[in-house]
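Observations on the model geometry
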Amino acid sequence: MKTKGFWSISVCLLLTLASCQKELTRQLQGKWQLKTVEEAGHVSNVDTVWYNFQSEALFMYQIYHANKDSFSHMYGYRSQPAENRIQLELISYPRPVDEFLPLTDWKDRSRTFTVEKINGKRLVLYSDNKTYGFIQF
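Please read all numbers here as calculations on a predicted model, not as lab measurements.

A look at the overall build of the chain
Secondary structure summary: the chain contains two helices and nine strands in total. Its helices and strands taken in sequence order, the chain reads α-β-β-β-β-β-β-α-β-β-β from the N to the C terminus. Per element, the accessible surface of the chain, about 8500 Å² overall, is 55% carbon and sulfur.

Considerations on the side chain of T114
With respect to the helices, strands and loops of the structure, T114 is situated in strand β7 (residues 110-118). Separated by 2.9 Å, the side chains of T114 and R85 make a polar contact. Discounting chain neighbours no more than four positions away, the residues touching T114 are N84, R85, V124, L125 and Y126.

Notes on the pairing of strand β8 (residues 122-127)
As paired strands, β7 and β8 are joined by four bridges and run antiparallel to one another. Within the sheet, the bridge partner assigned to T114 lies in β8 and is Y126. Here β7 folds back onto β8 in antiparallel fashion, the turn holding three residues. Here β8 pairs with strand β9 (residues 130-136) via six bridges, running antiparallel. The residue of β9 that forms the bridge with Y126 is T131. Following β8, the chain reverses through two residues before pairing antiparallel with β9; D128 in that reversal takes a positive phi of roughly 50°.

A few points about the environment of I63
Mapped onto the elements of the fold, I63 is located in strand β4 (residues 58-65). Accessibility expressed as a relative area gives 7% for I63, which makes it buried. On a C-alpha basis, the gap between I63 and Q33 in space is 9.9 Å, while along the polypeptide they are 30 residues apart. Ignoring any residue separated from it by four or fewer positions in sequence, one finds I63 in contact with T48, V49, S70, F71, S72, F100, L103 and T104.

Concerning the pattern of salt bridges
All told, the structure shown has four salt bridges when counted by the stated rule. When the shortest N-O distance is used, the salt bridge between K130 and D105 registers 3.1 Å. Taken together, the residues K130 in strand β9 and D105 in the loop between α2 (97-100) and β7 connect sequence positions 25 residues apart. A relative accessible area of 16% places K130 in the buried class.

Comments concerning the packing of aromatic side chains
In total, this model carries 14 aromatic pairs according to the counting rule given. Ring plane angle 70° and centroid distance 6.2 Å describe the contact between Y51 and F113, whose orientation is recorded as edge-to-face. Remark: F113 occurs in strand β7 and Y51 occurs in strand β3 (residues 49-53); sequence separation between them is 62 residues. Each of the two residues, Y51 as well as F113, counts as buried. On the numbers, 5.6 Å between centres and 40° between planes, the contact of Y75 with Y93 is tilted. Of this pair, Y75 sits in strand β5 (residues 70-82) while Y93 sits in the loop between β6 (85-90) and α2, placing them 18 residues apart in sequence. It is K31 that lies over the ring of W50; its NZ or CZ is 5.5 Å from the centre.

Criteria and cut-off values
Residues numbered from 1 in each chain as written. Predicted model: local features only at pLDDT ≥ 70, side-chain atom pairs only at ≥ 80, totals over all residues. Heavy atoms only, no water. Helix = DSSP H or I, 4+ residues; strand = E, 2+ residues; numbered from the N terminus. Areas by Shrake-Rupley, 256 points an atom, 1.4 Å probe, with all protein chains shown as cover. Polar contact = N/O pair within 3.5 Å; in protein donor to acceptor, adjacent residues only side chain to side chain. Contact = heavy atoms within 4.5 Å. Pairing = 2+ DSSP bridges. Buried < 20%, exposed > 50% of the residue type's maximum accessible area, 1.4 Å probe, protein only. Salt bridge = Lys/Arg side-chain N within 4 Å of Asp/Glu carboxyl O. Phe/Tyr/Trp six-rings, centres within 6.5 Å; stacked < 30°, edge-to-face > 60°. Lys NZ or Arg CZ within 6 Å of the ring centre and 35° of its normal.

Nothing here speaks to function; it is geometry throughout.
The structure is reproduced here in structure tokens:
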């Protein structure tokens, strides 16, 4: 009898987690413009970076270069290792990741963020002691 109760609770928890992940995926969908980066109490304003969540798994990091009036972008994948965490991994397309990373504040091709807030207009991510504030674009 105890085994039956354990499995029932386990199934309920898995279903709850799956529905939370689907909700986050739905809320992330679209283009988000980075507006602020906060580190050690210092806030920097940004308006040239976008994170594009194109499907459940695809991601694009986009940077606008005002001096050239052009964009750089890199594609990658998104996964969700926990309910309030997302992992983004850049792939070498359309060029090698090593050429793109110096344009960003990423240290490596993969980065895990904690989702601190998300609603229809605002997204707040946290990673590597930095808080990233986005607006829906």
